[in-house]
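Okay, here's what each chain looks like letter by letter:
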Amino acid sequence: MAKTDQLGAPAANSHQMGRFTLNRFVRQEATVAAPVVWTNMSYITQIEIGEPSWDYEADIFQQGGGDDKTHIRRGPRWDGTLTILGGKAWTDLATFYGQTWSTAGTGVLSLRQENDLPVGHWEAICRDSDNVTVLFSLVIQDMVIDDIGFTNQMDYGDRTIKFHTYHEPFVLCSGAEMVFDKFNATPTTAVYQMSSGTPVTLVTATSHDDWDYDTAVFVKLKDKSDSWTTKRVKSGITIGASGTITFTTGTPAASDVVSCLWAKVSA
């Protein structure tokens with residue numbers, strides 16, 4: 001490397017365009033399956049998520065330390081916006097809740113959200129101009145839909161659905177894709193086989209605040225004994241190289257549901 005080095009022209013795929021993105025979604029409360037099938041999301045014109053905001057920030061000093069300090073931040077929240085073709089926003093909203101929006105199913109979609117629970121997980125697969133070759137993916141875990149307003153202007157306008165998450169979004173490399181597995185708990189065994197073979201190493205969890213495992217975004221347990229509360233299992237689990245989730249403590253009880261979001265090498 002020298003100060004006189006010359007760089008060539010950038011590759012064509014360094015110019016990434018949103019029109020070639022495949023957006024897909026999986027519901028956290030989907031029917032148990034391994035793997036759960038993702039839903040391709042039509043009618044999306046843009047997805048945007050900002051940097052985190054924090055519940056608490058502080059500078060920590062100590063006497064004798066002078067101006068040297070430690071800055072801490074707690075309670076992250078990421079806010080985002082989905083922009084959807086005007087006539088189909090409500091079709092996508094129904095997908096988030098697993099509803100059939102019709103006179104034969106659910107006739108009303110409320111614009112007011114009644115809880116702060118995640119509806120599911122999003123993968124925006126950003127592709128080259130051939131509309132096939134994957135460049136990278138944006139993954140948004142634990143999306144919580146916000147209250148929705150309504151604007152009906154004179155001429156055409158897209159509609160927006162705002163959302164937030166308390167767990168970090170991330171970008172996934174081109175050779176991998178997300179997998180979501182759900183299992184009915186079986187108290188007689190502590191081992192659950194992930195659906196698609198060897199999981200991809202995502203991070204070194206000990207170096208990241210919001211990660212508990214190197215090879216899974218999360219493992220969750222929906223606990224019947226706790227009013228069906230869904231919690232992240234942050235310890236007492238090992239994930240094997242061959243794709244096994246093993247409970248070393250706190251084996252789930254009958255009727256509980258185990259779920260795991262992870263990545264595999266793309267087919």
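Everything below is about the structure shown above.
Keep in mind that what you see is a predicted model, and the values were worked out from it rather than measured.

What counts and what doesn't
Residues numbered from 1 in each chain as written. Predicted model: local features only at pLDDT ≥ 70, side-chain atom pairs only at ≥ 80, totals over all residues. Heavy atoms only, no water. Phe/Tyr/Trp six-rings, centres within 6.5 Å; stacked < 30°, edge-to-face > 60°. Lys NZ or Arg CZ within 6 Å of the ring centre and 35° of its normal. Helix = DSSP H or I, 4+ residues; strand = E, 2+ residues; numbered from the N terminus. Buried < 20%, exposed > 50% of the residue type's maximum accessible area, 1.4 Å probe, protein only. Lys, Arg positive; Asp, Glu negative; His and termini not counted. Salt bridge = Lys/Arg side-chain N within 4 Å of Asp/Glu carboxyl O. Polar contact = N/O pair within 3.5 Å; in protein donor to acceptor, adjacent residues only side chain to side chain. Contact = heavy atoms within 4.5 Å. Pairing = 2+ DSSP bridges. Axes fitted to C-alpha atoms, helices over the stretch in contact; angles between N-to-C directions.

J.: What exactly am I supposed to notice about the packing of aromatic side chains here?
T.: The description of an aromatic ring pair rests on the distance of the ring centres and on the angle between the ring planes. The full count for this structure, using the stated rule, is eight aromatic pairs. By way of ring pairs, the aromatic residues Phe25, Phe96 and Trp122 are connected into one cluster. Seen from the ring of Trp38, Arg24 lies directly overhead, with NZ or CZ sitting 4.6 Å from the centre. Sitting over the ring of Phe218, Lys220 keeps its end group 4.5 Å from the ring centre.

J.: Looking at this model, I keep getting lost on the side chain of Asp181. Mind explaining?
T.: Take Asp181: it is sitting in strand β10 (residues 176–184). The side chain of Asp181 sits in the buried core without any salt bridge; Lys264 is the nearest counter-charge, 9.0 Å away. Here the side chain of Asp181 touches Trp262 through a polar contact of 3.0 Å, side chain to side chain. Not counting the four nearest positions on each side in its chain, Asp181 is found in contact with Ala33, Ala34, Pro35, Met194, Ser195, Val258, Ser259, Cys260 and Trp262.

J.: Would you take a moment to explain the environment of Gln141 for this structure?
T.: Here Gln141 lies in strand β7 (residues 134–145). Along the sequence, Gln141 and Ala241 sit 100 residues apart, while their C-alpha atoms lie 23 Å from each other. Here Gln141 is in contact with Gly120, His121, Thr165, His167, Glu168, Phe170, Asp210, Val217, Phe218, Arg232 and Leu261, once residues within four sequence places are set aside.

J.: Looking at this model, I keep getting lost on the sheet that holds strand β12 (residues 218–223). Mind explaining?
T.: Each strand in a sheet pairs with another by means of backbone hydrogen bonds, the pair being arranged parallel or else antiparallel. Strand order in this open sheet of four strands is β10-β16-β12-β13, and the pairing throughout is antiparallel. For this open sheet the edge positions go to β10 and β13 (229–232), each flanked by a neighbour on one side alone. Each strand of the sheet is rotated relative to its neighbour by a mean of 20°, with strand direction disregarded.

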